[in-house]
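Analysis of the macromolecular model
So the chains spell out like this:
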Amino acid sequence: MSLRLHAPVVLPCDPSCSVLRDAVVDVVDGRITYVGGAAEAPAFDGEVRQLSGILLPGLVNTHAHSPMTVLRGLGSDLPLLRWLQEQMWPNEARMTAADVGTGMLLGAVEMLRHGVTTSAEMYFHGPELVSSVRAAGSRVVFGAAILDVPGMSWRSMTDEISAWIDADGLLSADGRIELAYGPHSAYTLSPSQLTSIAQEARARGALLMVHVAESPFEDEAQRAEYGSVPALLKASDVLGGRVLSAHSVHLSDDDIALYASFGVGVAHCPGSNAKLASGIARVPEMLAAGVSVGLGTDGPASNDDLDLFEEARLAGLFARVSKMDATVLGAAQALLMATRGGAAALGRDDIGALEAGRWGDVVHVDADDPAFATGLDAPDAQLLANLVWASGARRVTDVWVGGEHVVAGGESTRVDRQEAQAGVTAVAQRLRTA
Ligand SMILES: [Zn+2]
């Protein structure tokens, strides 16, 4: 399989967020082999597609619970803990493994249509979730949710994901499926349970994803004893391996320094944090300290549209208004957080950028839109501003994953979207009457 994509603008999402003009992206056997100017490109023997807009890497959603498409809109105006206790947890307890597969299928299709080719999912029923991701043609980092609450055994949940990793390996050969540990939080697991789970993850080189300091109230007991959740994680020997800290809204300077020194990645979820009135994470301070920060949509029951372009825009807007400084987070930096930064936060160097050797996950944003009426030949900064501040996901027309065309003309080439929606409708109706 050899594919050359040729467009007037290519954004490789390299560290300086270069804007390449009249450029090509070559993908051979799933991997990128060349990115650069068309005039300098090597001779190419394969399919060549001429595109009219902007090519960029597939976006990386670093924190999601996408099967919750079946719960979208429930308890939408409640505060976090009441929303969890009164709406989410009772409904999730009634969801079957098949329901999770149904919800994930629509979530994966919806994300691909928004240019999101990889999502990190903390959820239950991994086999069904993974098979839906395979059906849609995207990528997933599946973090098996682990909680110590009545009716659930944190130990068997931990053993189950360990056994799965030991049987199938951490990462599939095609890079589509990565397995990980998802201890829910320091308020649903004890410090010693977190220690055990982290040991299992570290022994396998696996990612550990955990909710940290999302709302001001959830972790009062932990803060009273340890000072902060990051301090608890350090004291419990959870840090040191691959750790992804979701939300991380209420962090002190010491917490941020701790994250920087242990290489902890952060999944920043500005839309969810605003909707649940959790606060605004200190992204400028984290970036300045050298913390890898990616963006997350969080679940579709708390955000609710699985649109990572929107998160990039919100990340920039919130950082600016929280600092009362329009220079703190620019369009280029917001775009990098949605792509390369997200991959780095997950500890992955095979996705998140258009670079030789990475997977050929490519998004085409068509320029036939008022957002780009100032022209694709506008100066670099203006073009990036048009993409991040004005256009967002609405003109994502084509998406390739590993060089495979999975979205064409704005629709999945693999899954009948209306059937996927009908599947979710049936689950939602059953949950309502259960
Ligand atoms: Zn979450």
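Residues numbered from 1 in each chain as written. Predicted model: local features only at pLDDT ≥ 70, side-chain atom pairs only at ≥ 80, totals over all residues. Heavy atoms only, no water.

Looking at an unreviewed UniProt entry, one finds the protein chain named Ethylammeline chlorohydrolase, with Lentzea flava as its source organism.

Going through the model one piece at a time under the given rule, you end up with zero disulfides. Of the cysteine sulfurs around C17, a residue in no disulfide, the closest is that of C13, at 5.1 Å. (Disulfide = S-S within 2.5 Å.)

With that settled, consider helix α11 (residues 308-323). Three- or four-residue spacings in an α-helix give side chains the same orientation, since the helix completes a turn every 3.6 residues. Between its terminal C-alpha atoms α11 stretches 23 Å, which fits the 22 Å expected from 16 residues at 1.5 Å a residue. Between the side-chain oxygen of the N-cap and the backbone nitrogen of F309 there are 3.0 Å, and the N-cap of α11 in question is D307. Positive backbone phi, approximately 50 degrees, marks M324, located one or two places after α11. (Helix = DSSP H or I, 4+ residues; strand = E, 2+ residues; numbered from the N terminus. Expected span 1.5 Å × (residues − 1). Polar contact = N/O pair within 3.5 Å; in protein donor to acceptor, adjacent residues only side chain to side chain.)

This brings us to the coordination of the zinc ion. Only H63 (NE2), H65 (NE2), H211 (NE2) and D298 (OD) from the protein coordinate the zinc ion, and they sit 2.0 to 2.6 Å from it. One way to put it: the four donor atoms around the zinc ion meet at angles of 81 to 170 degrees, and that makes the site irregular. Within one chain, the residues donating to the zinc ion are spaced in sequence as H-x1-H-x145-H-x86-D. A residue pair is termed long-range when its members are at least 10 positions apart, and H65 in the loop between β6 (59-64) and α1 (80-94) and D298 in the loop between β13 (293-295) and α11 qualify at 233 residues. You can call H65 buried: its relative accessible area is 10%. Residue D298 is classed as buried on the basis of its relative accessible area of 5%. (Donors = N, O, S within 2.8 Å, 3.2 Å for Na, K, Ca; no water. Tetrahedral: all angles 85-135°; square planar, octahedral: opposite > 155°, others 65-115°. Buried < 20%, exposed > 50% of the residue type's maximum accessible area, 1.4 Å probe, protein only.)

This part takes up the pairing of strand β3 (residues 31-37). Two strands pair when backbone bridges link them, and strand β2 (residues 20-28) and β3 are joined in this way by six bridges, in the antiparallel orientation. The residue of β3 that forms the bridge with V24 is G36. The turn joining β2 and β3, which pair antiparallel and follow one another in sequence, is formed by two residues; a positive phi near 50 degrees is taken by D29. (Pairing = 2+ DSSP bridges.)

As recorded in UniProt, the feature "domain: Amidohydrolase-related" (unreviewed entry) lies at residues 54-405. Taken as a whole, residues 54-405 contains 43% helix and 18% strand, while its terminal C-alpha atoms sit 16 Å from one another. (UniProt positions renumbered as here; feature names shortened; annotations may be inferred.)

Per the counting criterion, the structure on display carries two aromatic pairs. The ring of W359 carries R31 above its face, with NZ or CZ at 3.8 Å from the centroid. (Phe/Tyr/Trp six-rings, centres within 6.5 Å; stacked < 30°, edge-to-face > 60°. Lys NZ or Arg CZ within 6 Å of the ring centre and 35° of its normal.)

At their nearest, the axes of helix α4 (residues 154-168) and helix α5 (residues 191-204) sit 11 Å apart, and the two run at 0 degrees to each other. When the axes of α4 and α5 are compared, the pair comes out roughly parallel. Across from W154, R155, T158, S162, I165 and D166 in α4, the residues of α5 making contact are Q193, S196, I197, E200 and R204. When its residues are assigned to classes, the contact of α4 with α5 shows three nonpolar, four polar and four charged. (Axes fitted to C-alpha atoms, helices over the stretch in contact; angles between N-to-C directions. Parallel < 35°, antiparallel > 145°, perpendicular 65-115°, else oblique. Contact = heavy atoms within 4.5 Å. Nonpolar A, V, L, I, M, F, W, Y, C, P; charged D, E, K, R; others polar.)

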